[in-house]
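# Results of the structural survey
Here are the chains, one letter per residue:
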Amino acid sequence: MQKELPPAYEPKTVEETIYALWDRSGYFDPDNLPARHKKPFTIIMPPPNANGSLHIGHALFVTLQDIMIRYQRMQGKKTLWLPGADHAGFETQVVYTKKLEKEGRSFWGMPREQLYNEIKDFTLANKKYMEGQLKKLGASCDWSREKFTLDDNIIDVVYQTFEQLYNDGLVYRAEKPVNWCTKHQTTLSELEIKHEEKLDKLYYIKYQLQEVKGQMSKVKSYIEVATTRPETIPADIAIAVHPKSKWSTFIGKNVLNPLTGTAIPVIADAHVELGFGTGALKITPYHDPADFAIWQDHRTEITATPFSVIDQFGKLTAEAGADLAGLKVVPAREKSVELLRPHFAKEPEAYQHQVAVCYKCNTTIEPRIMMQWFVKMTEKPARKGQKSLRDLAVEAVKSKKIKFIPARYEKVFMHWMKNLHDWNISRQIVWGIRIPVWYCADQRTAVCKEKEGVIVTTKQPTTCPHCGGTSLTQEQDVFDTWFSSGQWPFATLMANKPGDFKTYYPTDVMETGWDILFFWVARMTMFGIYRTGKIPFRTVYLHGLVRDKERQKMSKSKGNVINPLEVADQYGTDAVRMALIIGTTAGNDPIISEDKIRGYRNFANKVWNASRFVLMNHRELSAKPKFTTEDKKSLKDLAAAKKKITGYLNKYDFNHAAETAYHYFWHTFADKVIEQSKERIKSDNAADAAAAQAVLLEIISESMKFLHPFMPFITEQIWQMLPGDPRGLLMVEKW
RNA sequence: GCGCCUUUAGCUCAGUGGUAGAGCGUUUCAUUGACAUUGAAAAGGUCGGAGGUUCGAUCCCUCCAAGGCGCACCA
């Protein structure tokens, strides 16, 4: 008889001890696994942003990945689950500056170094806290290989990639239209802006034909132009009309800017929609990317140099004229409307359209022309026989070298790939990896002049390699975080123990949220193949966004947030894990509520008490048990359940695997097998009682195995109490 | 505009070309026995609508409706 077991499972007293037991065993590190673990199975953990604490969404990914790792470890794989943390450049700087605001401080005017160091302290503190949280959730990852996105050796790898891209002509510097957030004072990529429905007005403005000596216009003496942004009219440098529009007679003539009186040419361009507005479009290259493109196509006809009338804070500049200068965009619009009223062709119309806004703060994005670094996504590199970044990824997916779960995301992935544009990777923030570019002010040779003094190198230079000059300054901008995290699978392995890259790359599964399919998975696919010639992962498993019972997104403001650590404390980590997995299918948003967690707490208790019953009635067998037909059926059912679970796990169908285990254990084993055994155990027929007990023990033992990936703590605890000495760890037991 | 997804029991969700499933909830009964964090049972669905393919459709195809989401330089 074992020592007295409490009648209810007490997760609190078990979890910490069990995690320490695993940790001490060293088995998280694949190098320490027994010899039978040969074939590697690798998951690189998506590094959580170290700017807060883990939420229930993190608990979901931890559970999914831990299930895969624990299952494969028991299957005899050499399992590596490599943890990490992300400095999350822009996101963390936003969080931190908000924190400063709350404290009544401002980052504005703070020296770069100081802000960087403060955010660094903040991030590292969060990172440490999150590691503890991951352990609490049972993550069986290899802490000895943990990586941070700002580790020196990670940055080295990122710099090498940048240099290679530059040498291949896939990275370039150019003055192009970019998305500018006037609040955050940085540019953003196409993925970091959203489009919002907005009700604005469409203004119809007359641009008078410039009077030419001795010539009178016969029909109309003006072009009507429709615009939503009259405040940018001072920066107009042309009017474009469709060649077949009613304004075609104006092509080649000049019209007068209604605000400045400047003469600007009328040009023909088929991009102008005939059916929209008036069929005439004002060309304001510095404030509209489409206009910028049209200007580039017509540089010979348009003699004026484009310029900007809005500054980095969203205020009109002196070039906009005395009436508008100093006003913010919205008041400037009102003022310009007032000034333009005499030039109205007709009354403004209400106009519903999509406006680009910052995905963080919803501030309207101001298109600006800025000198930035870009990655070419669709063009071939300079090297012979090489494919564009896009084609590398598209081919890997098309050829099924990379598979998506669920498969429908393959289409979503491909659709995005179709519409790719060059990627702006410069950010005007301090928290991040400084772009490894230096500018030479001396430019003493023709080579240096030709390269515009640009030096791209992985190590800080002291002299200019082009001209020997010494006046070097480093690029101020940092990388878009996704430029570096897009290299995570190979960077973490290259920057780790010697031989790791060779052994563990390509990795097996990338398990992450569908919301970062483009941000992250697409970039990892492209960079992974570009840098290593191999796909970074074979399977992409996508999970959804955890929602509450009312399908609401969890947010602090709604007060519906479930803190995974709190509920784990209350109901046990195993219960939280089960609640996250059962009823959840890949790619769909899981629904979770406290009721559901409570339900699986009850299940954990059932597991505890069934085991308690078996242990209480256990006696050492004196002879080989004689199984009845009933016993044989019970063992057959057990084998069938296990086979089903194994099949589901192999298909990454964790929902059904967990549900089958749950259903078998509770409603077949506990409700039927145990109930039926009670009479036999009590009976005088010792041999039959022994057979019944042997069946129970066998089922408990096997059940702990197939429940382990889902409920690691309670199963390991019970495993340790089962008879048999010495007992190894269930964690590395053969499946 | 282009594209993707969803629609199944009161609720949350699974699922299959052959008489519909789970959990929770509801109702009835039982029981201090490993577990009341329990057990036994019941009620409850023309599987969004209309066509089509098929011996047979909740499942495959087409159209429609409602909802969700992604992409997109129509001023």
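Residues numbered from 1 in each chain as written. Chains lettered and ligands numbered in written order. Predicted model: local features only at pLDDT ≥ 70, side-chain atom pairs only at ≥ 80, totals over all residues. Heavy atoms only, no water.

## Re the overall build of chain A
- The number of helices and strands found in chain A is 21 helices and 23 strands.
- The dimensions of chain A, computed from C-alpha atoms along their principal axes, are 125 × 60 × 55 Å.
- Taking all 735 residues of chain A together, 56% fall into the buried category.
- Taking as baseline every contact in chain A between residues at least 6 positions apart, the subset at least 24 positions apart corresponds to 77%.
- Split by element, the accessible area of chain A, about 32800 Å² in all, is 51% carbon and sulfur. (Helix = DSSP H or I, 4+ residues; strand = E, 2+ residues; numbered from the N terminus. Buried < 20%, exposed > 50% of the residue type's maximum accessible area, 1.4 Å probe, protein only. Contact = heavy atoms within 4.5 Å. Areas by Shrake-Rupley, 256 points an atom, 1.4 Å probe, with all protein chains shown as cover.)

## Here we look at the nonpolar core
- In this structure, Phe162, Trp373, Leu389, Phe483, Phe603 and Phe669 are the most contacted members of the largest nonpolar core, which totals 171 residues.
- Examining the composition of this core, we find that 12 residues originate from one element, helix 19 (residues 654–682), more than from any other.
- Counting 18 residues, the second largest nonpolar core, distinct from the first, contains Leu209, Val225, Ile239 and Val255. (Core = buried A, V, L, I, M, F, W, Y, C linked by side-chain atoms within 4.5 Å.)

## Structural notes on the confidence of the model for chain A
- Confidence in the prediction of chain A, expressed as mean pLDDT, is 91, and 97% of residues score 70 or more.
- Across the interfaces of the predicted complex, the ipTM metric reaches 0.92, alongside a pTM of 0.94. (pLDDT = per-residue confidence, 0-100.)

## Here's the deal with the packing of helix 5 (residues 152–167) against helix 14 (residues 517–532)
- Across the interface, helix 5 lies against helix 14 with an axial gap of 11 Å and an inter-helix angle of 80°. When the interaxial angle is binned, helix 5 and helix 14 end up roughly perpendicular. Residues Val157, Gln160, Thr161, Gln164 and Leu165 of helix 5 form the contact with helix 14, whose participating residues are Phe527, Tyr530 and Arg531.
- Residues of the contact of helix 5 with helix 14, tallied by class, amount to 4 nonpolar, 3 polar and 1 charged. (Axes fitted to C-alpha atoms, helices over the stretch in contact; angles between N-to-C directions. Parallel < 35°, antiparallel > 145°, perpendicular 65-115°, else oblique. Nonpolar A, V, L, I, M, F, W, Y, C, P; charged D, E, K, R; others polar.)

## Points about unusual backbone geometry
- Residue isoleucine 405 is joined to proline 406 through a cis peptide bond whose omega torsion reads -5°.
- Not every positive phi belongs to a glycine, and glutamine 185 is a case in point at roughly 55°.
- Turning to its location among the elements, glutamine 185 is positioned in the loop between strand 5 (171–181) and strand 6 (186–188).
- The residue lysine 400 is not glycine, and still its phi comes out positive at about 70°.
- Note that lysine 400 resides in the loop between helix 8 (389–398) and strand 15 (403–405).

## Points about the side chain of glutamine 133
- Among the secondary structure elements, glutamine 133 is positioned in helix 4 (residues 112–136).
- Not counting the four nearest positions on each side in its chain, glutamine 133 is found in contact with Ser53, Leu54 and Leu565.

## Some words on the packing of aromatic side chains
- Overall, the coordinates contain 36 aromatic pairs when judged by the stated rule.
- Here the aromatic rings of tyrosine 172 and phenylalanine 374 are separated by 5.5 Å at their centres, their planes lie at 20°, and the arrangement is stacked. Residue tyrosine 172 is found in strand 5, and its partner phenylalanine 374 is found in strand 14 (residues 365–375); the two are separated by 202 residues along the sequence.
- Classification of phenylalanine 374 by relative accessible area gives buried; the value is 3%.
- Grouped by ring-pair contacts, the aromatic residues Phe162, Tyr166, Trp373, Trp423, Phe479, Phe483 and Phe527 constitute a single cluster.
- The ring centre of tryptophan 22 lies 4.1 Å from the NZ or CZ of arginine 70, which sits over that ring. (Phe/Tyr/Trp six-rings, centres within 6.5 Å; stacked < 30°, edge-to-face > 60°. Lys NZ or Arg CZ within 6 Å of the ring centre and 35° of its normal.)

## What to know about the packing of helix 1 (residues 11–25) against helix 21 (residues 712–721)
- For the pair helix 1 and helix 21, interaxial distance at closest approach is 9 Å and the crossing angle is 80°. Classified by the angle between their axes, helix 1 and helix 21 sit roughly perpendicular to one another. Taking contact as the criterion, the partners of Val14, Glu15, Ile18, Tyr19, Leu21 and Trp22 in helix 1 are, on helix 21, Pro712, Phe713, Glu716, Gln717 and Gln720.
- Looking at the contact of helix 1 with helix 21, its residues break down into 7 nonpolar, 2 polar and 2 charged.

## With respect to the sheet that holds strand 10 (residues 254–256)
- Strand order in the open sheet formed by 4 strands is 10-11-9-12, with mixed pairing between adjacent strands. Both outer strands of the open sheet, strand 10 and strand 12 (280–283), are each paired with one neighbouring strand and no more. Neighbour-to-neighbour, the strand axes of this sheet turn through a mean angle of 35°, independent of strand direction.
- Helix 6 (residues 289–297) rests against strand 11 (263–268) and strand 12 of the sheet, and its axis sits at about 85° to strand 12. (Pairing = 2+ DSSP bridges.)

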